[in-house]
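Below are the chains, spelled out letter by letter.
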Amino acid sequence: MHKNRQKIVVIGLGYIGLPTASMLATKGHQVLGVDVNESAVNTINQGSIHIVEPDLDILVRSAVHSGNLKASLVPEEADTFILAVPTPFSTSDHGLKIPDISYIEAATRSIAPFLREGNLVILESTSPVGTTERIGQIIAELRPDLVTSRSSQQANLAIHLAHCPERVLPGHILRELVDNDRIIGGVNRAAAETARDLYKTFCNGGIFLTDSKTAEMAKLVENSSRDVSIAFANELSIICDKLGINVWELIELANKHPRVNILQPGPGVGGHCIAVDPWFIVAAAPDEARLIRTAREVNDAKPNWVLDKVKSKADRFKNPVIGCLGLAFKANIDDLRESPALEITRKLIKADIGQVMACEPNASDDFCEFALFDLSDVLQKADIILLLVDHNEFKQIDNELLKEKVLIDTRGILR
Ligand SMILES: NC(=O)c1ccc[n+]([C@@H]2O[C@H](COP(=O)([O-])OP(=O)(O)OC[C@H]3O[C@@H](n4cnc5c(N)ncnc54)[C@H](O)[C@@H]3O)[C@@H](O)[C@H]2O)c1
């Protein structure tokens, strides 16, 4: 195989797999993207996309038209296989959140028949520690012909196996795919070096080699670090509310200290990374990961605290109109996955304490769970304004329009 032009199979054509497959194709690699979602496969083969990400449509169209990117429901033989399938958590009968690696196991089984000696298999999905080695075990079981030797702990394989976690930010994926630094963890040094040769064909950022377990943990720790910092800010916001202190002013002042950098509080933590990945560490070390677990619990509890706040204010009115501003999990995007703003709005509607008027300027046309309203309409009719997301549109709200209203600003932008 020549590192600069390879045959590459990418399993999973979502927010990570599709940009990666298209990027590799535009760099001259022959790429087969595989997904179990037939309609996604058909859409991509027509040069179109099924997900929302700036400029991805242009990249996919050019990759497909060049003949270097094709999509399929089934894998085939290749030099390199990249797995980019989901890694959610499931909740056990005892309420424990445990990582679900069944998609990775299924993807591994799907490529096993096509593997050849010397192949490179890369796991890109965010994964609990030990998952890359688990892939090796599955391959050893299904393809004993690829086992070169066995130690008490593991089977050595005639393929290279590495983990390369993804760090891209939705909304900026194409730029970050090229510019971000990457960590590559091999099950051995040769695997890490082989994977590095491939990433060098499209990454401008630094590439840092380590073992697979450290690479898996690095990704989980990056998101846990953010989660713990946000939990500190969220806890402060609740304490300050009790003590009658403006938390936004407090944080601004505390951050004047040269070595203090407190993050901003919000209505909770959303998205499918920061709100999920720390649980993988807690599941692996439940007695030791006390701070990480508590941070998750603090952030998960914040939406209910906001809800109680709204209920206590609503008591003052007979039939209050409650305007919920924003549903997305963060500013200026349409992504509703694990969104605390959506959770709060849903619960407010269910609580039936008044009329809820929700406004989400970025909502996709498909959104039909409940009625959405224009910002001007909400600002005119609502008695209580609950600001949930710091979208640009909301930062421009004229304070005059809020004078007669009860304001609950979970993002501190309407001060
Ligand atoms: N989206 C992000 O911003 C982001 C950032 C960093 C890391 N990650 C991680 O990357 C991984 C993928 O995330 P995503 O956002 O791309 O998910 P996604 O849900 O957008 O896409 C996953 C795709 O995999 C397909 N799939 C599932 N099982 C399959 C199988 N057995 N064979 C073939 N296709 C299969 C699904 O149909 C789907 O199209 C996850 O582990 C996630 O945590 C995501």
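All of these numbers come straight from a predicted model, not from anything done at the bench. (Residues numbered from 1 in each chain as written. Predicted model: local features only at pLDDT ≥ 70, side-chain atom pairs only at ≥ 80, totals over all residues. Heavy atoms only, no water.)

Student: Would you take a moment to explain the domain arrangement of the protein for this structure?
Tutor: It is common to give the size of an interface as the accessible area that goes away when the parts come together. Segmenting the protein into domains produces domain 1 (7–213) and domain 2 (246–409). Computed from C-alpha coordinates alone, the two centres of domain 1 and domain 2 are separated by 34 Å. At the junction of the two partners, domain 1 supplies 12 residues and domain 2 supplies 10 residues. Approximately 1000 Å² of surface area, both sides summed, lies buried where domain 1 meets domain 2, with 70% of it carried by carbon and sulfur atoms. On the domain 1 side of the contact with domain 2, Phe89, Lys97 and Pro170 bury the most area, a combined 43% of that side's loss. For the interface between domain 1 and domain 2, the tally reads 0 salt bridges. Our count for the contact surface shared by domain 1 and domain 2 stands at 0 residue pairs in polar contact (both at pLDDT 80 or more). Looking at the side of domain 1 that touches domain 2, the element that brings in the most residues is strand 6 (residues 97–99), giving 3 residues. (Domains from an automatic or database assignment. Contact = heavy atoms within 4.5 Å. Buried area = accessible area lost by both parts, 1.4 Å probe. Salt bridge = Lys/Arg side-chain N within 4 Å of Asp/Glu carboxyl O. Polar contact = N/O pair within 3.5 Å; in protein donor to acceptor, adjacent residues only side chain to side chain. Helix = DSSP H or I, 4+ residues; strand = E, 2+ residues; numbered from the N terminus.)

Student: Is there a simple way to explain the layout of surface pockets in this structure?
Tutor: Empty space among the atoms becomes visible once a probe the size of a water molecule is rolled across them. As a volume, the second largest pocket reaches approximately 440 Å³. In terms of lining, the second largest pocket is formed by 18 residues, of which the most central are Asp241, Val247, Trp248, Ile408 and Asp409. Mapped by element, the contributors of at least two residues to the lining of the second largest pocket are helix 8 (212–243), helix 9 (247–254), helix 11 (290–314) and strand 16 (406–409). For the lining of the second largest pocket, the element with the most residues is helix 11, which contributes 4 residues. The residue inventory of the lining of the second largest pocket, partitioned by class, reads 9 nonpolar, 3 polar and 6 charged. (1 Å grid on protein atoms, 1.4 Å probe; cavity = no way out; pocket = protein on both sides within 12 Å on 5 of 7 lines; lining within 4 Å. Points joined across faces, edges and corners; volume = space filled by probe spheres on them. Nonpolar A, V, L, I, M, F, W, Y, C, P; charged D, E, K, R; others polar.)

Student: Sorry, what's going on with the packing of helix 8 against helix 9 here?
Tutor: Helix packing for two helices is described by the angle between their axes and how far apart those axes are. The N-to-C vectors of helix 8 and helix 9 enclose an angle of 120 degrees; their axes lie 9 Å apart at closest approach. Comparing the axis directions of helix 8 and helix 9 gives the class oblique. Relative to helix 9, helix 8 is oriented so that their crossing is right-handed. Along its contact with helix 8, which presents Leu236, Ser237 and Cys240, the element helix 9 presents Val247, Leu250 and Ile251. (Axes fitted to C-alpha atoms, helices over the stretch in contact; angles between N-to-C directions. Parallel < 35°, antiparallel > 145°, perpendicular 65-115°, else oblique. Left-handed = near helix turned anticlockwise from the far one by under 90°.)

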